[in-house]
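Residue-level structure breakdown
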Protein chains: 2
Amino acid sequence: MSKSQRQMKLGAFFMIPGHHVAAWRHSEAEAQGVLDFKFYKKLAQTAERGKFDMVFLADGLAVWDRFGTGISHTVNARPEPLTLLSALSAVTEHIGLAATVSTTYNEPFHVARKFASLDHLSGGRAAWNVVTSSGENEAHNFSRDSHLLHEKRYERAREFVDVVRALWDSWEDGALLIDKESGLFADKDKVHYVNHKGEAFSVKGPLNIARPPQGHPVVIQAGSSEAGKELAAETAEVIFTAWQTLEEAQKFYSNVKGRMLQYGRTPDELKIMPGVFPIIGRTRAEAEAKAEQLKELIHPTAGVGLLSALISYDLTPYPVDGPLPELPDIRDINGGKSRFQLLKDLADREGLTIRGLYQRIAGARGHREILGTPAEIADQLEEWFVNGAADGFNIMPPTLPGGLDDFVELVIPELQRRGLFRTEYEGATLRENLGLARPASRFAAAPAVPQTQTS
Amino acid sequence: MSKSQRQMKLGAFFMIPGHHVAAWRHSEAEAQGVLDFKFYKKLAQTAERGKFDMVFLADGLAVWDRFGTGISHTVNARPEPLTLLSALSAVTEHIGLAATVSTTYNEPFHVARKFASLDHLSGGRAAWNVVTSSGENEAHNFSRDSHLLHEKRYERAREFVDVVRALWDSWEDGALLIDKESGLFADKDKVHYVNHKGEAFSVKGPLNIARPPQGHPVVIQAGSSEAGKELAAETAEVIFTAWQTLEEAQKFYSNVKGRMLQYGRTPDELKIMPGVFPIIGRTRAEAEAKAEQLKELIHPTAGVGLLSALISYDLTPYPVDGPLPELPDIRDINGGKSRFQLLKDLADREGLTIRGLYQRIAGARGHREILGTPAEIADQLEEWFVNGAADGFNIMPPTLPGGLDDFVELVIPELQRRGLFRTEYEGATLRENLGLARPASRFAAAPAVPQTQTS
């Protein structure tokens with residue numbers, strides 16, 4: 001293998017205590033650890049031992065009970081991602097820390113500031129997974145009667161990300177002088193008002209923290225709808241996406257990378273990392289038995305609830321062993337549009353009942369499920385990686401800590417032997433490890449804004 | 001000394017790299033540490049070695065540049081408090097973690113969730129210092145033209161705190177079952193919608209994290225105006241307040257404790273902890289020299305800016321060696337009303353020029369300044385503590401780490417010798433150390449709300 005061989009990027013997607021909807025019932029899962037920092041610390045340190053690029057945390061702003069099925073059977077009690085990742089930053093040294101934060105129910109100033117803070121405290125390891133939220137139940141926790149429409153959410157998201165980046169830039173590199181002798185703490189010519197006035201936000205700035213070590217914390221995006229692809233091509237540095245087949249993934253990969261040109265970006269400036277749900281066995285039979293066992297642990301109420309939420313349509317009135325009912329047109333779905341389409345296609349293609357479909361997706365939740373020995377897992381990752389479908393993967397262990405331990409002990413060494421994955425971190429920051437350039441401040445070349453009285 | 005002797009509670013108020021406005025210029029201050037986690041870790045561990053009840057962090061949502069004087073000379077780059085305290089929770093074991101979060105520019109769901117998360121991850125050590133913000137420049141970072149009026153802010157704050165507490169209660173103790181055998185993760189009869197519909201907020205709930213270990217993270221409040229006192233008597237468990245004289249502090253102490261009865265609370269349920277700025281020397285002369293040195297380090301622009309911001313009135317047009325100009329009536333001040341009055345009174349009482357006043361308050365910012373040997377410092381704390389003026393103090397070291405090291409090495413042992421301060425932490429949680437009872441969930445006795453479909 002040559003030293004310049006392209007290598008894959010890997011995220012460790014922590015869904016505690018495992019990605020499978022029934023993971024918490026599995027004997028291997030440390031379900032009591034859902035609110036215990038010691039458990040998360042162990043997981044993060046395992047992922048760092050495996051040289052993962054980052055820990056990735058999803059998020060939602062309501063209990064998973066959209067159809068009245070979730071409270072009893074679903075894991076609904078988890079720490080807020082930024083709080084958790086901030087704590088984990090103190091007990092790790094190299095691994096990136098990626099938190100999901102919605103643009104629909106937040107303010108750009110808070111978000112810019114929190115990620116800048118995490119980036120400073122962690123020495124340049126913060127990443128923001130931008131989502132727009134997708135449920136009515138989230139709206140009801142934030143004094144809104146209903147959820148913003150899909151297009152409106154993306155307009156707001158675009159403006160939100162732009163304001164956040166402007167705030168990160170509002171202190172140029174080198175603005176902090178901290179010169180005890182002269183009494184100059186900062187160079188005022190390098191600190192800028194952002195003076196943003198847009199459709200959704202008016203933000204004056206500057207931020208009250210200096211420019212993050214990475215310039216900008218890495219911006220991740222997860223939407224795969226038309227609006228999502230366009231926003232990603234314009235603004236994302238990493239895409240976390242869900243595809244079932246090589247062909248679909250290749251099509252998405254070339255489509256999004258193709259769209260980047262119109263925004264003056266090169267394909268290398270964006271890493272596409274599909275989610276992968278790996279069921280690993282020392283033998284194939286062991287992996288298959290593990291998959292079967294997880295399926296059997298799904299409580300039907302939890303399975304139907306999960307599926308209903310994923311397609312934004314209530315399936316609870318329908319017989320669980322019957323087919324999917326007639327579903328609404330995708331234009332009327334104000335949730336995850338791409339996930340809706342993916343699951344509908346999957347049920348059609350494989351002729352699945354409701355139970356069959358929820359069993360099929362209760363682990364990967366629509367992401368790609370791969371199963372087998374460590375070599376077979378590595379083969380399946382390699383296939384997508386070398387065939388223009390992925391720059392890396394967001395790994396979704398079925399159970400925790402077992403599924404992550406297996407990946408680190410068994411699969412990572414196999415990827416390393418093939419030269420497909422690092423044996424040491426290349427850089428000090430997440431951005432360096434991902435091979436992403438550090439952006440310049442948008443204010444760096446501009447003349448300084450004079451400091452006028454602001455009130 | 002008897003074992004049952006009443007002991008004082010102590011907060012370590014970290015204003016990095018020291019409370020004095022010129023602290024960062026002092027040779028002892030590690031000014032380069034303002035964004036360095038290692039520095040904060042050392043400070044928190046020092047405070048924990050000293051058996052402080054808690055680390056306390058103030059906050060603001062804009063740069064300190066209200067009158068165009070602050071960017072060059074003032075420390076305007078600090079980590080966001082909740083991010084920092086979450087990181088510190090991972091490297092400490094006993095000390096409480098108190099973060100300031102404004103009710104004016106936040107949402108109750110986020111705030112409830114973040115503090116619940118910190119409380120879980122830290123094993124019951126979180127505290128929320130409730131503030132209502134006080135500046136126009138904060139409004140401009142949150143798409144508002146102007147700051148909410150003082151009374152409106154307090155109405156919103158009262159409702160905000162109530163919603164946050166309801167959300168903390170929305171999972172009763174014991175709601176988490178995590179029973180792998182039956183597949184029941186939670187007891188749905190112990191998880192409740194809060195269904196709040198009020199003037200400022202509509203929040204359905206429940207929270208997506210279980211009840212915090214402390215039941216409620218400790219609620220701190222800082223306002224000392226009429227509205228602030230009333231809100232504190234109703235809702236606060238700790239008050240952080242600013243008084244210059246024993247008489248004023250006694251009056252405030254008895255006034256607020258007296259107001260508690262009407263809300264069905266006993267005086268013990270609230271700990272009043274005035275801020276104290278201690279300048280410690282091995283000899284009195286050493287302490288005086290330290291005070292003088294800090295005064296000389298104040299850049300006039302920084303001094304006038306600090307003073308202007310504290311009184312919410314622009315003093316930059318006036319001669320620095322002249323008297324305070326005619327100030328507006330307190331009714332027209334839409335900022336920290338009690339701080340305005342305190343500083344006006346101080347200037348009148350001592351006949352201070354603008355320079356004299358900013359020199360006088362550039363350390364303690366209106367809080368009580370005490371100076372002397374460790375025994376003299378202990379005397380001054382004891383005087384207020386035993387004479388009905390305080391249940392403890394929020395200690396504001398002039399420089400960091402030096403001022404904190406001195407307090408821990410020199411003053412704490414003196415307080416311990418006098419039986420006025422603990423030698424070991426009494427409990428596992430902040431609430432236990434402060435001697436505050438753990439509240440029951442408001443939903444605990446009520447019949448369960450049936451889970452109906454929510455969308």
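What you see is a predicted model, and the numbers here were worked out from it, not measured in a lab. (Residues numbered from 1 in each chain as written. Chains lettered and ligands numbered in written order. Predicted model: local features only at pLDDT ≥ 70, side-chain atom pairs only at ≥ 80, totals over all residues. Heavy atoms only, no water.)

1. Quick word on the overall build of chain A
In terms of regular secondary structure, chain A is built from 14 helices and 13 strands. Taking 23 Å as the expected radius of gyration for a compact globule of 455 residues, we find that chain A reaches 22 Å, a close match to that expectation. Buried positions account for 64% of the 455 residues belonging to chain A. For chain A, the proportion of contacts with a sequence separation of at least 24, taken over those separated by at least 6, is 77%. (Helix = DSSP H or I, 4+ residues; strand = E, 2+ residues; numbered from the N terminus. Rg over C-alpha atoms; globule rule 2.2 N^0.38 Å. Buried < 20%, exposed > 50% of the residue type's maximum accessible area, 1.4 Å probe, protein only. Contact = heavy atoms within 4.5 Å.)

2. Considering the UniProt feature "binding site: FMN" (unreviewed entry) in chain A
UniProt's feature table lists "binding site: FMN" (unreviewed entry) at D59(A), T100(A), H150(A), Y154(A), S224(A) and S225(A), given in the numbering used throughout. The topology assignment puts D59(A) in the loop between β2 (54-57) and α2 (81-89). Given a relative accessible area of 28%, D59(A) falls into the partly exposed group. Excluding its chain neighbours within four sequence positions, the residues that come into contact with D59(A) are P81(A), T100(A) and R113(B). At 2.4 Å, the side chain of D59(A) and the side chain of R113(B) are in polar contact. With respect to the secondary-structure elements, S225(A) resides in the loop between β9 (218-221) and α6 (226-235). If we skip the residues at most four places from it in the chain, S225(A) touches H150(A), Y154(A), K337(A) and S338(A). (UniProt positions renumbered as here; feature names shortened; annotations may be inferred. Polar contact = N/O pair within 3.5 Å; in protein donor to acceptor, adjacent residues only side chain to side chain.)

3. Digging into the packing of α2(A) against helix α3 (residues 108-121) of chain A
Residue and element names in this part refer to chain A. It is the contact of α2 with α3, at a shortest axis distance of 10 Å, that shows an interaxial angle of 15 degrees. Between α2 and α3, the angle falls in the class roughly parallel. Two packed elements cross with a definite hand, and for α2 against α3 that hand is left-handed. For the pair α2 and α3, contact is made by L82, L85, S86 and S89 and by K114, F115 and L118, respectively. (Axes fitted to C-alpha atoms, helices over the stretch in contact; angles between N-to-C directions. Parallel < 35°, antiparallel > 145°, perpendicular 65-115°, else oblique. Left-handed = near helix turned anticlockwise from the far one by under 90°.)

4. Brief notes about the environment of A249(B)
Residue and element names in this part refer to chain B. Tracing the chain through its elements places A249 in helix α7 (residues 246-259). Under the relative-accessibility criterion, A249 is labelled buried at 0%. Note: C-alpha distance between A249 and I272 (23 residues apart in sequence) is 9.7 Å. When residues no more than four places from it in sequence are discounted, the contact partners of A249 are W243, W384 and A389.

5. Digging into the side chain of H367(B)
Residues and elements named next belong to chain B. Counting through the fold element by element, H367 comes out in the loop between α11 (354-361) and β12 (368-372). Judged by its relative accessible area of 5%, H367 is buried. Within the structure, H367 has its side chain in polar contact with the backbone oxygen of T241 (distance 3.3 Å). There is a polar contact of 3.5 Å between the side chain of H367 and the backbone nitrogen of G275. Apart from the residues within four sequence positions on either side, H367 is in contact with F240, T241, A242, W243, Q244, G275, R339 and M396.

6. Describing the interface of chain B and chain A
Between chain B and chain A, the residue contacts involve 86 residues of the former and 86 residues of the latter. Between chain B and chain A lies a buried interface of about 7300 Å² when both sides are counted; carbon and sulfur atoms form 57% of it. If you sort the residues of chain B by the area they bury against chain A, L121(B), K180(B) and F185(B) come out on top, with a joint share of 10%. Joining chain B to chain A, the criterion identifies four salt bridges. Elements that contribute at least two residues to the side of chain B that touches chain A include exactly α2 (81-89), α3 (108-121), α4 (136-139), β5 (176-179), β6 (184-186) and β8 (202-203) of chain B. Among the elements that line the side of chain B that touches chain A, the one with the most residues is α3(B), at eight residues. (Buried area = accessible area lost by both parts, 1.4 Å probe. Salt bridge = Lys/Arg side-chain N within 4 Å of Asp/Glu carboxyl O.)

7. Quick word on helix α1 (residues 37-49) of chain B
Under the 1.5 Å per step criterion, the end-to-end length of α1(B) is 18 Å for 13 residues, consistent within 8% with the ideal 18 Å. Among the residues making up α1(B), those that are buried are F37(B), F39(B), Y40(B), L43(B), A44(B), T46(B), A47(B) and E48(B). Buried-residue contacts for α1(B) involve α3 of chain A together with β1 (9-13), α2 and α13 (402-417) of chain B. Two residues or fewer after α1(B) comes K51(B), characterised by a positive phi angle close to 65 degrees. (Expected span 1.5 Å × (residues − 1).)

8. Concerning helix α10 (residues 337-350) of chain A
All names here are of chain A. For α10, built from 14 residues, the straight-helix expectation of 20 Å at 1.5 Å per residue is met to within 8% by its first-to-last C-alpha distance of 20 Å. Buried residues along α10 sit in contact with α5 (150-169), α9 (300-311) and α11 (354-361). Within two residues after α10, G351 carries a phi angle of roughly 55 degrees, on the positive side.

9. Considerations on the pattern of salt bridges
Pairing is possible between side chains of opposite charge, provided their charged atoms come close. Per the stated rule, a full pass over the model turns up 66 salt bridges over all chains. Salt-bridge contacts for R360(B) lead to E350(B); the nearest nitrogen and oxygen are separated by 2.7 Å. Note that R360(B) is positioned in helix α11 and E350(B) in helix α10 (residues 337-350), a separation of 10 residues in sequence. On the basis of relative accessible area, E350(B) is assigned to the partly exposed category, the value being 36%. In this structure, a network of salt bridges that share partners links the residues D162(A), D169(A), D173(A), R211(A), R438(A) and R442(A).

10. So, the pairing of strand β10 (residues 238-241) of chain B
Within a regular strand, the side chains alternate between the two sheet faces. All names here are of chain B. Neither face of β10 is open: one carries V238 and F240, the other I239 and T241, and all of them are buried. Here strand β9 (residues 218-221) pairs with β10 via two bridges, running parallel. Considered in β10, the bridge of I220 is made with V238. In this view, the connection linking β10 to its parallel neighbour strand β11 (residues 271-280) by way of α7 has right-handed handedness. (Pairing = 2+ DSSP bridges. Right-handed = clockwise from strand over helix to strand, strands pointing away.)

11. Side note on the nonpolar core
Among the nonpolar cores identified, the biggest contains 208 residues, and F52(A), F407(A), F52(B) and F407(B) are the most heavily contacted of them. Ignoring any residue separated from it by four or fewer positions in sequence, one finds F407(B) in contact with L10(B), F52(B), P278(B), I280(B), I377(B), L381(B), I395(B), I412(B), P413(B) and L415(B). (Core = buried A, V, L, I, M, F, W, Y, C linked by side-chain atoms within 4.5 Å.)

12. Some details on the relation of the copies chain B and chain A
Once chain B has been moved 0.0 Å along the axis and rotated by 180 degrees, it coincides with chain A to within an RMSD of 0.0 Å. As the rotation angle and translation indicate, the two copies are arranged about a two-fold axis. Looking at the rotation axis and the C-alpha trace of chain B, the residue lying nearest is A87(B), at 2.0 Å. In this assembly, 99% of the residues forming the interface of chain B have copies in chain A that are likewise at the interface, indicating an isologous arrangement. (Least-squares fit on C-alpha atoms with pLDDT ≥ 70 in both.)

13. Here's the deal with unusual backbone geometry
Residue I16(A) is joined to P17(A) through a cis peptide bond whose omega torsion reads 0 degrees. By the element assignment, P17(A) lies in the loop between β1 (9-13) and α1 (37-49). A cis amide bond links L400(B) to the next residue, P401(B), at an omega of 10 degrees. As for its placement among the helices and strands, P401(B) is situated in the loop between β13 (392-395) and α13. With a phi angle near 60 degrees, S143(B) is a residue other than glycine that sits in the positive phi range. Here S143(B) lies in the loop between α4 and α5 (150-169). According to the relative accessible area criterion, S143(B) is partly exposed, its value standing at 32%.

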